[in-house]
Amino acid sequence: MPSERLGGAPDPGPIRSEPGSLLEHVVVAVFGFDDEDRICYWGPGAHNLFGHEAASVLTRPAAQLFPEPTPGEEPGAAAHLAERARTLGYWRVRLPALHRDGSVFDCGFRVFPMTGASGASVVIGLASRGDELDRVKTNLSFLDALFETCPIGLVMLDEELRYVHLNQALADMDGVPLDAHLGLRMADVMITTDGGEYQRMLRSVAHEGRTVVGTLVGLRTPGHPDRDQVRSVSFFPLSGTGDTRRGVGGLLLDVTDRERAILEATAARQRLALLDRAGARIGTTLDLNTTARELVEAVVPEFCDASVVELVEWMDETEDFDPALPVTTRRIASGTTLAEPAVELVSGLERVTYPPGSNIHQMLSTGRALCFTVDEDFVTRTVVHQQRAQLLLDSGLACILMAPLIARGTVQGIAMFGRSATRPAFAEEDLGLAGELASRAALCLDNARLYGKVRDIALTLQRALLPSAPAAGPYVDISHRYLPGSRAAEVGGDWYDAIALPGDRVALVVGDVMGHGVPAAAAMGRLRITAKTLARNTPEPEALLEELDACAQEAGIEWATCLYLLYDPHTGRARIANAGHPPPLVRHRDGSVHTVGDEPGVPLGVGGVPYRSVEVELPEGAVVALYTDGLIEARGQDIDTGMDALRDQLRAPLGSLEEAADRILANLLPETATDDTVLVLARLSAVPGRAPAGPTGPVA
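Worth saying up front: this structure is predicted, and the values here are computed from it rather than measured.

K.L.:
Mind showing me how you'd approach the environment of Tyr-451 here?
P.N.:
Inspection of the secondary structure assignment puts Tyr-451 in helix H15 (residues 428-465). Judged by its relative accessible area of 10%, Tyr-451 is buried. In sequence terms Tyr-451 and Leu-288 are 163 residues apart; their C-alpha atoms lie 9.8 Å from each other.

Structure follows, in structure tokens:
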């Protein structure tokens, strides 16, 4: 700023104070003393600091700027300043100064001699209030300490986003020496793969004055070319002052470990959630195929892009695994979200053979989950057929995780999980998750396998105890069906029989033992054999049920139902006794259907209640339908609805009894029946010239 000099003429060489955001807030007084210590220069800053107008101080002694010296103090402050400046060439000191209003304030002075164009020597003084100088020094010290000790990266960039100033923390973060940064553009050091988004953000701060706070940026640097970093960056515009240029200030914090920890914690929670959901979904039935399918559905697509479950076909389940022999598996479930040829790869084969030395052998030998990269070596060692090998290479799968299905010390099979290149490769934590999933699934599969064995035993026993070709005689044509429930349900105790008796009579019997499995099958066989024996020696149906009831009580059989129908073709009459069983239906030649003997007694095994029988006439050509409750009962459906549906099926033209039996079962049973079902259709004929029918009614 131009100073004023003696005579009011401006000095040709202006004295400027250094511009800057801190000094702008400090009043700097510029003044000059001549050889006689009189004021010869007086700048505007001096007016602001001391309160004197230039006209009132020029040519006046400089001593008026200071308080009166104490007695005995020589020389005064002004003379002392001038003397030290001329002697030392430059001197700075803190002295009390006097304001025009009489107040005294602490002031910092810097004085030095100068020689003007005329050869005259003057002492130039710079002065500022002491408290303002202290504030500036404190701020500058803070900034210096901040750049030297702050653990957060600090940076100043110019308008071209070149490094102007930075601290050591940022240099260490970049792995590049501090001095090597200067003059480089930030894009040369912080290398991103975001299509230039980071640089566009910086330019918006520099040119538009935007502020960015806490933005996460992924990058690499020349100093750490193999290490991915995540930084939290904040940038703000630096305003230009005086002739300084605008720029950008920034704070950068390396949050790679924090973000990695967050990602790992999130992934761990996701894995636990997947394991929890899979535990709830896998093993809802005791069916091998269903259990395997539930495992595949639990992991695709959340955990992987493709998955298969295969059961190992051992020649002998007790034999030890021999890595020198091929391993043959049966694929029972598969799924993928990838397009062809991945679909053909996972679902195109039912049986798979792995050669000795394959990765399957390696996994089975260790008993642990293993992960492999899908490459030529993996395919060559694992896939036998060249066409299937090419399918694997073209499938889009980049890595495959294999886990053994081991339960109760027995290898059940293999679970495989595949990921494409668009997803991260399997990590160590994924191996643990796959092993846990496989372990849970293996236990469910083993339960299903063991249940299947028990069920097969019960079914074999039951079929062995049921009649293969009931003997019905010349006057009764019979078609019979027994259907066990689905593999999700245990074998029940349904049974039936047709017994040829003396005098051309025929006894039709159908029953149902409460319970499932081998005990129910054994109880059913016992009742059937007992009923067959009693039928030949007990002429009255109600007496037969009483004897059968006593047998059931002795054997501990409770709540077994039984229907006994005794038909005499000579009279065309039948006597029916019922122990808690659904009543028979009779279809006449005209298609009408009605119920007979619909007075159910108590089930067998209860005891203490006598049975009754009812006698009915069954006309020539009538068809009698005997059945168990599996044919007419369904979850959520009233039993009367099932009875009406069976009547509708019987009203339709029957044709042959075999065709009729198949049609009725197909139309009434669901796809997965939950209970055993028996259906017996008997077409009745009469002996030619038979006696006329008499009255019918119940018989005690």
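K.L.:
Help me understand the packing of helix H18 (residues 639-651) against helix H19 (residues 657-668), please; the structure alone is not making it clear to me.
P.N.:
Packed helices, taken two at a time, are described by the angle their axes make and the gap between the axes. Running from N to C, H18 and H19 cross one another at 145°; their axes reach a closest spacing of 10 Å. Classified by chirality, the crossing of H19 by H18 is right-handed. Contacts from Ala-645, Leu-646, Gln-649 and Leu-650 of H18 reach H19 at Arg-663, Ile-664, Asn-667 and Leu-668. Across the contact of H18 with H19, the residue classes tally to five nonpolar, two polar and one charged.

K.L.:
Sorry, what's going on with the sheet that holds strand E7 (residues 153-158) here?
P.N.:
Sheet strands associate in pairs through backbone hydrogen bonding, adopting either a parallel or an antiparallel arrangement. An order of E8-E7-E11-E10-E9 is seen for the five strands of this open sheet, with the pairing classed as antiparallel. Whereas interior strands pair on both sides, the edge strands pair on one side only; in this sheet they are strand E8 (163-166) and strand E9 (212-221). Mean inter-strand twist for the sheet, computed between neighbouring axes without regard to direction, equals 30°.

K.L.:
What exactly am I supposed to notice about the pairing of strand E15 (residues 370-373) here?
P.N.:
The side chains of a regular strand alternate, first on one face of the sheet and then on the other. Here E15 shows a buried face lined by Leu-370 and Phe-372 and an unburied face lined by Cys-371 and Thr-373. In this structure, E15 lies alongside strand E16 (residues 397-407), joined through four bridges in antiparallel fashion. Within E16, the residue paired with Cys-371 across the bridge is Leu-401.

K.L.:
Explanation requested: the nonpolar core in the structure shown.
P.N.:
A general feature of soluble globular proteins is that nonpolar side chains tend to end up buried together. With 34 residues, the main nonpolar core has Leu-295, Val-299, Phe-303, Val-309, Leu-405 and Phe-417 as its most contacted residues. Elements supplying a minimum of two residues to this core: helix H9 (256-281), helix H10 (288-299), strand E12 (306-312), strand E13 (327-336), E16, strand E17 (410-420) and H15. A total of nine residues in this core trace back to one element, the largest contributor, which is H15. Apart from residues no more than four positions distant in its own chain, Phe-303 is found in contact with Leu-274, Phe-417, Arg-419, Arg-423, Phe-426, Asp-430, Leu-433 and Ala-434. Core analysis: the next-biggest nonpolar cluster, separate from the first, contains 28 residues, Leu-58, Leu-81, Ala-82 and Val-123 among them.

K.L.:
What am I meant to see in a nonpolar patch on the surface here?
P.N.:
Together, Leu-140, Phe-142 and Leu-143 make up a nonpolar patch on the protein surface, roughly 280 Å² of accessible area in all. For Leu-140, the location among the structural elements is in helix H4 (residues 130-149).

K.L.:
How should I be thinking about the pattern of salt bridges in this particular structure?
P.N.:
Where charged atoms from two side chains of opposite charge approach closely, those side chains can pair. This structure, assessed with the given rule, holds 37 salt bridges. One salt bridge connects Glu-297 with Arg-281, and the closest N-O pair in it is separated by 3.8 Å. Here Glu-297, found in helix H10, pairs with Arg-281, found in helix H9; they are 16 residues apart in sequence, far enough to count as distant. Notably, a salt bridge pairs Asp-446 with Arg-408, separated by 2.5 Å at the nearest N-O pair. Of this pair, Asp-446 sits in helix H15 while Arg-408 sits in the loop between E16 and E17, and the two are 38 residues apart along the sequence. Look at Asp-446 and you get buried, because its relative accessible area is 1%. You can call Arg-408 exposed: its relative accessible area is 52%. Connected through salt bridges with shared partners, the residues Arg-94, Asp-106, Asp-134 and Lys-137 form a single ionic network.

Calculation rules
- Residues numbered from 1 in each chain as written.
- Predicted model: local features only at pLDDT ≥ 70, side-chain atom pairs only at ≥ 80, totals over all residues.
- Heavy atoms only, no water.
- Helix = DSSP H or I, 4+ residues; strand = E, 2+ residues; numbered from the N terminus.
- Buried < 20%, exposed > 50% of the residue type's maximum accessible area, 1.4 Å probe, protein only.
- Axes fitted to C-alpha atoms, helices over the stretch in contact; angles between N-to-C directions.
- Left-handed = near helix turned anticlockwise from the far one by under 90°.
- Contact = heavy atoms within 4.5 Å.
- Nonpolar A, V, L, I, M, F, W, Y, C, P; charged D, E, K, R; others polar.
- Pairing = 2+ DSSP bridges.
- Core = buried A, V, L, I, M, F, W, Y, C linked by side-chain atoms within 4.5 Å.
- Patch = residues over 30% accessible without salt bridge, like charges linked within 9 Å, V, L, I, M, F, W, Y side chains within 5 Å.
- Areas by Shrake-Rupley, 256 points an atom, 1.4 Å probe, with all protein chains shown as cover.
- Salt bridge = Lys/Arg side-chain N within 4 Å of Asp/Glu carboxyl O.

Shape descriptors only; they carry no functional weight alone.
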